[in-house]
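Here's the letter readout for the chains.
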Amino acid sequence: MSQQTIILITGANSGVGYATAQILAEHPNHHVILACRDPQKGQKALSELQSKSLKGTLSLLQLDVEDDTSITQAVHTVDEQHNRLDVLISNAGSAAPNSSGRARLNQIFSTNVIGATLVSEAFIPLLLKSEKPYLIQVSSGLGSMKMATDPSSVMYAAPWDEYRASKAALNMITVQMHKRLQSHVRVFAFCPGLVRSNLRGEDEAAVSAYGRAGDPLESGRGILGIVLGERDGEAGGFVNKDGSFPW
Ligand SMILES: NC(=O)c1ccc[n+]([C@@H]2O[C@H](COP(=O)([O-])OP(=O)(O)OC[C@H]3O[C@@H](n4cnc5c(N)ncnc54)[C@H](OP(=O)(O)O)[C@@H]3O)[C@@H](O)[C@H]2O)c1
């Protein structure tokens, strides 16, 4: 068997991260590291995924993207166990649905921008040890400036100002990382689409976005296409499972 592809997903215990872990771990050559801030939630996700008899392998890692010590320790553990990282899926995110004002802004930017940036930067040395590394920032079409300013876009009228601003900022970080790393790392911003998750809250109306949200396994399939190299020509872009978005 050829060497396993080592994949780390932040925020892997829920929603898009969990579904992506499932899709990626269906492949025998994949080792998926579930990076979760809450060890109990992480263990529950790991046990559930292991009960599905997936062909790849799985492991659990504690990682709070808002905690520098946790980030440093996580990088150290991956270095010790694998000596490289082939795919980083920077997925952990928050819309802070239950807070407002400064607290909401702090929570959203701390997770979606500062956390995502610092985690990505911290893992770059391990990505550079991979023969064909990928860095995937899970963004949102709501972060597109072009769609936000186009009255004909479905994204035009959406609210969530703070969240939209955080994803626009993450998009700029992604562009900058692509320009810096493109000679070796394929960097993508990926929109998972409107799918079921705890992002909007934990009651059924919020999880399903009042019945509009799709299946996060579809988001995982979109990310799988990137990991399998099917989207290499779009590196440096802002993509979803079906195509691309304007920045
Ligand atoms: N679902 C959608 O419709 C949609 C659409 C566009 C983009 N997205 C993006 O998709 C990504 C995943 O979100 P989701 O929709 O799957 O929501 P979710 O179900 O709430 O999952 C978010 C994950 O991020 C984790 N997380 C939050 N703060 C963290 C921190 N400080 N350190 C580590 N992990 C942290 C959560 O952990 P806990 O369980 O411990 O809170 C959870 O595992 C986000 O970046 C989101 O912006 C989602």
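The UniProt entry for the protein carries this comment under Sequence similarities (unreviewed entry): "Belongs to the short-chain dehydrogenases/reductases (SDR) family."

1. Some words on helix α4 (residues 101-127)
Compared with the 39 Å implied by 1.5 Å per residue over 27 residues, the 37 Å span of α4 between its first and last C-alpha is a close match. Residue Ser110 marks the point of greatest curvature in α4, where the axis turns by about 40°.

2. Here we look at the pairing of strand β2 (residues 30-36)
The element β2 is extensively covered by neighbouring structure, given that 7 of its 7 residues are classed as buried. Burial along β2 is two-sided: His30, Val32, Leu34 and Cys36 facing one way and His31, Ile33 and Ala35 facing the other are all buried. Direction of pairing for strand β1 (residues 5-10) relative to β2: parallel, over a ladder of 6 bridges. Opposite Thr5, over in β2, you have His30 as the bridge partner. Remark: the β1/helix α1 (residues 15-24)/β2 crossover connection has right-handed handedness. Summarising the sheet, β2 and strand β3 (residues 57-62) pair through 6 bridges and their orientation is parallel. Across the sheet, Leu34 pairs through a bridge with Leu60, a residue of β3. The parallel pair β2 and β3, bridged by helix α2 (residues 39-50), forms a crossover whose chirality is right-handed.

3. Observations regarding the pattern of salt bridges
Taken as a whole and judged by the stated rule, the model has 12 salt bridges. One salt bridge connects Arg180 with Glu121, and the closest N-O pair in it is separated by 2.6 Å. Linking Arg180 in helix α6 (residues 161-181) with Glu121 in helix α4, this pair joins segments that are 59 residues apart in sequence. Residue classification places Glu121 among the partly exposed residues on the basis of a relative accessible area of 30%. Several salt bridges share partner residues, and in doing so they unite Lys132, Arg186 and Asp232 into one network.

4. Looking at the packing of aromatic side chains
The full count for this structure, using the stated rule, is 4 aromatic pairs. Aromatic pair Tyr134 and Phe188: ring centres 6.5 Å apart, planes at 20°, arrangement stacked. Residue Tyr134 is located in strand β5 (residues 134-138), and its partner Phe188 is located in strand β6 (residues 186-190); the two are separated by 54 residues in the primary sequence. Ring centres of Phe238 and Phe245 lie 5.4 Å apart, and the angle between their planes is 70°; this geometry places the pair in the edge-to-face category.

5. Structural notes on the site of the ligand
Taken together, 28 residues sit near the ligand, with Ser14, Val16, Glu66, Tyr163 and Ser197 positioned nearest. Gly11 places a main-chain nitrogen or oxygen 3.2 Å from an oxygen atom of the ligand. The contact in question runs from an oxygen atom of the ligand to an N or O atom on the backbone of Val195, over 2.9 Å. In isolation the ligand offers 900 Å² of accessible surface; the protein chains occlude 94% of this area. Of all the secondary structure elements, the ones that give two or more residues to the shell around the ligand are α1 and α6. In terms of residue class, the shell around the ligand is built from 10 nonpolar, 12 polar and 6 charged.

6. Concerning α2
With 12 residues, α2 should reach 16 Å at 1.5 Å per residue; the first-to-last C-alpha distance of 16 Å fits that figure. Taken together, the buried positions of α2 are occupied by Gly42, Ala45, Leu46 and Leu49. Around the axis of α2, the buried residues are gathered within 100° of arc, so they sit on the same side. Away from its buried face, by an angle of more than 90 degrees, α2 presents the exposed residues Gln40 and Lys44. Where α2 is buried, its residues touch α1, β2 and β3. The opening residue of α2, the one whose side-chain oxygen lies 2.9 Å from the backbone nitrogen of Gln40, is Asp38.

What counts and what doesn't
Residue positions are given per chain, counted from 1 along the sequence in the order it is written. Where local features are concerned, this predicted model is filtered to residues with pLDDT of at least 70; where side-chain atom pairs are given and counted, the filter is 80 or more; whole-chain, interface and lining totals use all residues. Excluded from the side-chain calculations are hydrogens and water; all other atoms, namely the structure's heavy atoms, are used. UniProt positions are given in the numbering used here, feature names are shortened, and annotations may be inferred rather than shown by experiment. The numbering of helices and of strands both runs from the N terminus, where a helix is a DSSP run of H or I of at least 4 residues and a strand a run of E of at least 2. Helix span, expected: 1.5 Å multiplied by one less than the number of residues in the helix. In this analysis the local bend is the angle between axes fitted, respectively, to the seven residues ending at and the seven residues starting at the residue. Burial classes: relative accessible area under 20% of the type maximum marks a residue as buried, over 50% as exposed, and values in between as partly exposed (1.4 Å probe, protein chains only). We treat two strands as partners when DSSP finds at least two bridges between them. Convention used here: a crossover is right-handed provided that the path from the first strand, over the helix, to the second strand proceeds clockwise when the strands point away from the viewer. Salt bridge, as used here, is a side-chain nitrogen of Lys or Arg placed within 4 Å of a carboxyl oxygen of Asp or Glu. When two rings of Phe, Tyr or Trp (its six-membered ring) have centres within 6.5 Å they constitute a pair, described as stacked for plane angles under 30 degrees, edge-to-face for angles over 60, and tilted for the intermediate range. Neighbouring residues are identified by heavy atoms, a residue being near a molecule or strand if any of them is within 4 Å of it. Side-chain atoms alone can form a polar contact between residues adjacent in sequence; in general such a contact is a pair of N or O atoms within 3.5 Å, and within protein one must be able to donate a hydrogen while the other accepts it. In short, Shrake-Rupley with a 1.4 Å probe defines the accessible areas, and a residue's cover is counted only from the protein chains shown. Throughout, the ten residues Ala, Val, Leu, Ile, Met, Phe, Trp, Tyr, Cys and Pro are labelled nonpolar, Asp, Glu, Lys and Arg are labelled charged, and all others, Gly among them, are labelled polar. To be clear, the arc concerns the directions from the helix axis to the C-beta atoms. We call two residues in contact whenever any of their non-hydrogen atoms come within 4.5 Å of each other.

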